[in-house]
Amino acid sequence: MRGLRAFARDNGLSLVFGLLFIVVLVFQAIAGHNEYNDEQRQHNSEQISLSRYVTSARFSVAVLENWQSEYLQFTLFILLTVWFLQRGSPESKEMGKAGGESDEEQKVGEHAEPESPLWARVGGLRTALYSNSLVIVMGLIWVGCWFAQSVAGWTDYNAERLGHHLDSLSYVKYLTTAGFWERSLQNWQSELLAVGSMAIFAVYLRQRGSPESKPVGAPHHATGVEG
């Protein structure tokens with residue numbers, strides 16, 4: 001029991017977000033299912049069960065559109081904050097520290113500590129890969145979600161066209177449609193706005209106790225300082 005409490009304490013943030021994710025996803029499925037069946041009733045078409053809805057292309061598109069935009073947001077944020085700075089923001093590195101920094105600052109190779117990860121200590125290709133592993137993995141997840149979203153969207157789009165007795169489109173042709181890019185760009189612009197707003201709002205506003213904020217009493221120009 002003590003071990004379970006320690007695990008919950010040590011992993012509280014990821015556990016809470018994981019639980020919230022599952023709860024919200026379930027309610028999204030229920031709401032989407034009800035909306036879909038409302039549309040089916042309006043067109044005197046067959047209604048479907050919840051289990052069939054959550055395995056449908058329509059539900060997959062609704063979920064994956066948001067997943068891919070979120071991972072795009074974090075991929076860009078991780079990469080751009082290496083090179084671009086924002087004076088006064090805790091989301092930025094300190095002024096003058098743009099770039100990948102030295103091996104000594106990053107504690108890699110001969111500068112690694114005894115408890116440093118193995119791939120940070122060995123040098124060569126493994127250290128180079130590990131040095132960029134976060135953006136590589138986040139980028140791959142984004143590409144995977146984008147591809148899965150496009151395939152699901154293509155399937156749903158053709159199902160709708162067939163329902164209106166229209167010819168289906170090839171996957172490549174679907175990728176050129178205005179509807180596909182309108183939905184994608186709609187998600188992307190909202191994520192970029194949110195991240196940009198966070199970076200600049202955190203210069204002047206505070207949240208006591210949050211690592212995403214500077215200490216309440218820190219001056220506005222303090223950069224790379226967390227509360």
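Our subject is the structure that appears above.
Since the model is a prediction, treat every value here as computed from it, not as a measurement.

Caption draft 1: Up close: unusual backbone geometry. Phi at glutamate 101 is positive, roughly 65°, even though this residue is not glycine. Following the sequence through the fold, glutamate 101 ends up in the loop between helix 4 (57–83) and helix 5 (103–106). Of note, lysine 107 is a non-glycine position whose phi angle comes to about 60°, a positive value. If you trace the backbone, lysine 107 turns up in the loop between helix 5 and helix 6 (118–121). Overall, lysine 107 belongs to the partly exposed group, its relative accessible area being 40%.

Caption draft 2: Local environment of the packing of helix 2 (residues 12–42) against helix 4. Contact geometry of helix 2 with helix 4 gives a least axis separation of 10 Å together with a crossing angle of 135°. Judged on the interaxial angle alone, helix 4 and helix 2 are oblique. Classified by chirality, the crossing of helix 4 by helix 2 is right-handed. Here Phe21, Leu25, Gln28, Ala29, Glu35, Tyr36 and Glu39 of helix 2 lie close against helix 4, whose contacting residues are Arg58, Phe59, Ala62, Val63 and Trp67. Split into classes, the residues belonging to the contact of helix 2 with helix 4 amount to eight nonpolar, one polar and three charged.

Caption draft 3: Representation of the packing of aromatic side chains in the model. With the rule as written, the count across this model stands at eleven aromatic pairs. Judged by centre distance (5.4 Å) and plane angle (50°), the rings of tyrosine 157 and tyrosine 174 are tilted. Remark: tyrosine 174 occurs in helix 9 (residues 171–174) and tyrosine 157 occurs in helix 8 (residues 133–163); sequence separation between them is 17 residues. The class of tyrosine 157 is partly exposed, set by a relative accessible area of 27%. Here the aromatic residues Trp142, Trp146, Tyr157, Tyr174, Phe180, Trp181 and Trp188 are joined through ring pairs into a cluster of three or more.

The rules behind these values
Residues numbered from 1 in each chain as written. Predicted model: local features only at pLDDT ≥ 70, side-chain atom pairs only at ≥ 80, totals over all residues. Heavy atoms only, no water. Helix = DSSP H or I, 4+ residues; strand = E, 2+ residues; numbered from the N terminus. Buried < 20%, exposed > 50% of the residue type's maximum accessible area, 1.4 Å probe, protein only. Axes fitted to C-alpha atoms, helices over the stretch in contact; angles between N-to-C directions. Parallel < 35°, antiparallel > 145°, perpendicular 65-115°, else oblique. Left-handed = near helix turned anticlockwise from the far one by under 90°. Contact = heavy atoms within 4.5 Å. Nonpolar A, V, L, I, M, F, W, Y, C, P; charged D, E, K, R; others polar. Phe/Tyr/Trp six-rings, centres within 6.5 Å; stacked < 30°, edge-to-face > 60°.

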